[in-house]
Amino acid sequence: MEIKINLNTLVSPAYYPLFRSHDRYLVYKGSRGSGKSYATAVKVIVDILTHDYVNWLVIRQFFGTHKDSTFATIKKVAHDLGVADLFKFTVSPLEITYKETGQKIYFRGMDDPLKITSIQTTQGNLCRLWLEECYELKREEDVDTVEESLRGILPDDGFYQSVFTFNPWSDKHFLKRRFFDDKTRKKKTYATTTTYKDNGHLNEDYIEDLEDMLITNPNRAKVAVLGEWGIAEGLVFDGLFEQRDFSMEEIASLPKAVGLDFGFKHDPTAGEFMAIDQQNRVVYIYDEFYQQGMLTQQIAEAIGQHKGYGMQITADSAEQRLISELSGVYGVPNIIGAGKGKDSVSQGIQYMQSYHFVVHPRVKGLLEEFNTYVYSKDKFDNWTNTPVDANNHGIDALRYALEPFMFRTAGQYMSNQERIQTIKNLGLR
Ligand SMILES: Nc1ncnc2c1ncn2[C@@H]1O[C@H](COP(=O)(O)OP(=O)(O)OP(=O)(O)O)[C@@H](O)[C@H]1O
Ligand SMILES: [Mg+2]
């Protein structure tokens, strides 16, 4: 059978090296929506169809995130290319098989390293690796371990290749040293940066939102819109958060609450769902909605879909009308406005800094904010104690969710004096 695939019409020129280069490492850092994942998924399919020795190992930090990302994207690409019938897609085990030969695409998470080293191919070799969202990988040794799982003697014209795709949130990440810095970068590397301009398949609204961000959120836009390395200096929650794939059973016995921050045109409406372990001072953020342009009814529906009915909900009190509508018109129970008053924002942030935050992989907006929420600098370029008032919608929502555990006694928001005392008691001042 002959399959005709015209690459030039499939992906933009920025991605041609994926198909033409024989370099050992192909590294794509890039902005939101630059087409990295789609283009790499095209390569996954094309390499299987054109080289009978090729099997792929697709890696993410958290195995649980493959199904709706890499697996779904490769499946979509197979459909778009008109070759889906040639493949068998199974969810358990999560796997894609080229029916004619038995070549496979395997999916693994760094959270289960043993499952990575034990792969046995039936046809050909494990010689292609895609590390998706590899900014999430925190340990460089883990990458070495995965690389070592590629093995076997390839045909004469065969080659090993690894593709890395990610948003570059911080210039401190080992990926910069490993692939981008002149002195330390690996040999046989093709490393590049793509932006939304390299993707001709985005809708106007999406592009408009990204371009707005350049003005409203320059710090975050640097990474999300321009694909440049983020500067992780002066992070308000530096060292206080981690991403981890915990189960609901793990947090079953902990008190839970919801916080809401309202945005519309330029800012997302953020709903953060958290569980709090006061003894160990750990906050688990287990769910989120985070979206621009949400109408009141959609917010009410989102609270329902994320199982927030019946929980204590504390919301942005600058929007009394929305709170009244949510409770009065849409029947959302237990929703109150967040307390206000002198220094309430900075006090809330200080209090939050006494916790460690564990962020579930499905909670993406808040994690981005933790990675970009910084203190401001004064005119002498010194750090101040005041955060820049941007990138903080999920963080504000989380602060509201925490309020009942920080600054309320008998349901009442504390006075400024009481709040000051509470913070002193923590030893924070
Ligand atoms: N070559 C293409 N043909 C058709 N659709 C595409 C193509 N490239 C990208 N898209 C679509 O554009 C959107 C963004 O692409 P993609 O998810 O690959 O971007 P990304 O760089 O991985 O973004 P992120 O950094 O947010 O993960 C997706 O909906 C994808 O389906
Ligand atoms: Mg992607």
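Engineer: Help me understand the site of ligand 1, please; the structure alone is not making it clear to me.
Structural biologist: Around ligand 1, a shell composed of 14 residues is seen, among which Gly35, Lys36, Ser37, Tyr38 and His201 lie nearest. With three residues, the single largest contributor to the shell around ligand 1 is helix H3 (residues 36–50). Of the residues that constitute the shell around ligand 1, the class distribution is four nonpolar, eight polar and two charged.

Engineer: Got a minute to help me understand the nonpolar core in this structure?
Structural biologist: A general trend in soluble globular proteins is that nonpolar side chains are found buried together. Formed by 54 residues in total, the largest nonpolar core has its most connected members in Val44, Ile45, Trp56, Ile59, Ile74, Trp130 and Phe164. Ranked by the residues each element gives to this core, the list is headed by H3, at eight residues. Those residues in contact with Ile59 that sit more than four places away from it in its chain are Arg108, Met110, Leu129, Trp130, Leu131 and Val146. Counting 50 residues, the second-largest nonpolar core is a separate cluster that includes Phe273, Ile276, Val363 and Ala397.

Engineer: Could you clarify how one ought to interpret the domain arrangement of the protein chain in this entry?
Structural biologist: When the parts of a complex come together, some accessible area is lost, and that lost area is often used as the size of the interface. Domain parsing of the protein chain yields domain 1 (7–202) and domain 2 (241–425). Here domain 1 and domain 2 have C-alpha centroids that lie 36 Å from each other. Residue-level contacts link seven residues of domain 1 with four residues of domain 2. Looking at the side of domain 1 that touches domain 2 residue by residue, the class counts come to two nonpolar, three polar and two charged.

Engineer: I'm lost on unusual backbone geometry in this one. Help?
Structural biologist: Peptide bonds are mostly trans, and most non-glycine residues show a negative phi. At the junction of Ser92 and Pro93, the peptide bond is cis and its omega measures out at 0° in the coordinates. The topology assignment puts Pro93 in the loop between strand E3 (87–91) and strand E4 (94–98). With a phi close to 60°, Lys307 is a non-glycine residue in the positive phi region. For Lys307, the position within the fold is in the loop between helix H10 (296–305) and strand E13 (312–315). Residues other than glycine seldom take positive phi values, yet Asp381 does so here, at roughly 70°.

Engineer: I'm lost on the packing of H3 against helix H4 (residues 67–80) in this one. Help?
Structural biologist: A packed helix pair is summarised by two numbers, namely the angle formed by the two axes and the spacing between the axes. For the pair H3 and H4, the least separation of the axes is 9 Å and the interaxial angle reads 65°. The orientation of H3 with respect to H4, classified from their angle, is roughly perpendicular. Two packed elements cross with a definite hand, and for H3 against H4 that hand is right-handed. Each of Ser37, Tyr38, Ala41, Val42, Val44 and Ile45 in H3 lies in contact with H4, whose residues at this interface are Thr73, Ile74, Val77 and Ala78. Looking at side-chain class alone, the contact of H3 with H4 contains eight nonpolar, two polar and no charged residues.

Calculation notes
Residues numbered from 1 in each chain as written. Chains lettered and ligands numbered in written order. Predicted model: local features only at pLDDT ≥ 70, side-chain atom pairs only at ≥ 80, totals over all residues. Near = placed C-beta within 6 Å. Helix = DSSP H or I, 4+ residues; strand = E, 2+ residues; numbered from the N terminus. Nonpolar A, V, L, I, M, F, W, Y, C, P; charged D, E, K, R; others polar. Core = buried A, V, L, I, M, F, W, Y, C linked by C-beta atoms within 7 Å. Buried ≥ 20, exposed ≤ 12 C-beta atoms within 10 Å, placed from the backbone. Contact = placed C-beta atoms within 7 Å. Domains from an automatic or database assignment. Axes fitted to C-alpha atoms, helices over the stretch in contact; angles between N-to-C directions. Parallel < 35°, antiparallel > 145°, perpendicular 65-115°, else oblique. Left-handed = near helix turned anticlockwise from the far one by under 90°.

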